[in-house]
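This is what each chain is made of:
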Amino acid sequence: MQKFIEQKFIGERAMFGAKDAEFERCGFTAGESPLKHSSNLKLNECVFAYKYPLWYASDVTLNGGYLEPLARAGMWYSANLSFKDALINAPKSFRKSSQISLENVNFSDASETLWGCTGVRIKNVFARGDYFGANSENLEINGLNLDGNYCFDGCKNAVSYTHL
């Protein structure tokens, strides 16, 4: 597995199609779709500063990452995504994606996030924004603090539970 440590990736599609790679404390700036069509990625404490970071991606793990407000429409048409201990300040994250795991994630602007997604596991998540989770299905929720209107509109098979 190729490893990138503390590097800055600039420009449109900077690491387009990356496969079998690990990025640690890296920054993706000033360019759309830096990891479009990528697969088997480990992203540790990486920062995304611009639009469409992970479109058509698969098998991606992000730990401790940060998406800036301009990293909107972040993860679309993707599969097998695991985000843990992340801060997402961008709207419209996760659309038409499947097999998503979110743990200890804070969405400060979750407007139109998780639209049309399937197989979503949410654990200890805070989300602020309207239309969160619209038209998604097969959701498993354990610890969600949600502030928004019209959330989960059109959802199917959503289960919420709490372990005491």
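Just above sits the structure.
Nothing here was measured: the structure is a model prediction, and the numbers come from that model.

Calculation criteria
Residues numbered from 1 in each chain as written. Predicted model: local features only at pLDDT ≥ 70, side-chain atom pairs only at ≥ 80, totals over all residues. Heavy atoms only, no water. Helix = DSSP H or I, 4+ residues; strand = E, 2+ residues; numbered from the N terminus. Rg over C-alpha atoms; globule rule 2.2 N^0.38 Å. Buried < 20%, exposed > 50% of the residue type's maximum accessible area, 1.4 Å probe, protein only. Contact = heavy atoms within 4.5 Å. Areas by Shrake-Rupley, 256 points an atom, 1.4 Å probe, with all protein chains shown as cover. Lys, Arg positive; Asp, Glu negative; His and termini not counted. Charge placed at Lys NZ, Arg CZ, Asp CG, Glu CD. Core = buried A, V, L, I, M, F, W, Y, C linked by side-chain atoms within 4.5 Å. Pairing = 2+ DSSP bridges. Polar contact = N/O pair within 3.5 Å; in protein donor to acceptor, adjacent residues only side chain to side chain.

Caption draft 1: Seen up close, the overall build of the protein. A count of helical and extended segments in the protein gives zero helices and 13 strands. Its helices and strands taken in sequence order, the protein reads β-β-β-β-β-β-β-β-β-β-β-β-β from the N to the C terminus. Relative to the 2.2 N^0.38 estimate, which gives 15 Å for 164 residues, the radius of gyration of the protein is 15 Å and therefore close to what a compact globule would have. On the principal axes, the C-alpha backbone points of the protein span a range of 40 × 25 × 25 Å. Buried positions account for 45% of the 164 residues belonging to the protein. Of all intrachain contacts in the protein linking residues separated by at least 6 positions in sequence, the fraction that spans at least 24 positions is 1%. Total accessible area on the protein is roughly 7700 Å²; 44% of this is exposed by carbon and sulfur atoms. The protein carries 17 positive and 18 negative side-chain charges, and their two centres are separated by 4 Å.

Caption draft 2: Representation of the nonpolar core within the structure. Core analysis: the biggest nonpolar cluster contains 41 residues, and F23, L35, F83, F94, L102 and F107 have the highest contact counts within it. Sorting the residues of this core by element identifies β3 (19-24), β5 (39-44), β7 (58-63), β9 (79-88), β10 (98-107), β11 (118-128) and β12 (137-147) as the ones contributing at least two each. Sequence-distant contacts of L35, that is, excluding residues within four places in its chain, are made with M15, A18, F23, F28, L41, L43, F48, P53, L54, W55 and A57.

Caption draft 3: Structural context of the pairing of β5. Bridge analysis of β3 against β5 gives five bridges, and the strand direction is parallel. In the strand pairing of β5, E22 is matched with K42.

Caption draft 4: Inspection of the environment of R95 at higher detail. Summarising the element assignment, R95 is placed in the loop between β9 and β10. Its relative accessible area of 13% is what places R95 among the buried residues. Linking R95 and W76, residues 19 residues apart in sequence, is a C-alpha distance of 4.6 Å. Once residues within four sequence positions are removed from consideration, R95 is found in contact with M75, W76, Y77, E112, W115 and C117. Separated by 3.3 Å, the side chains of R95 and E112 make a polar contact.

Caption draft 5: Representation of the environment of D85 within the structure. Take D85: it is sitting in strand β9. When its relative accessible area of 44% is taken as the criterion, D85 is described as partly exposed. On a C-alpha basis, the gap between D85 and G65 in space is 7.1 Å, while along the polypeptide they are 20 residues apart. Leave out the neighbours within four places in its chain, and D85 touches G64, G65, E103 and N104. At 3.1 Å, the side chain of D85 and the side chain of N104 are in polar contact.

All we've got here are geometric facts, nothing functional implied.
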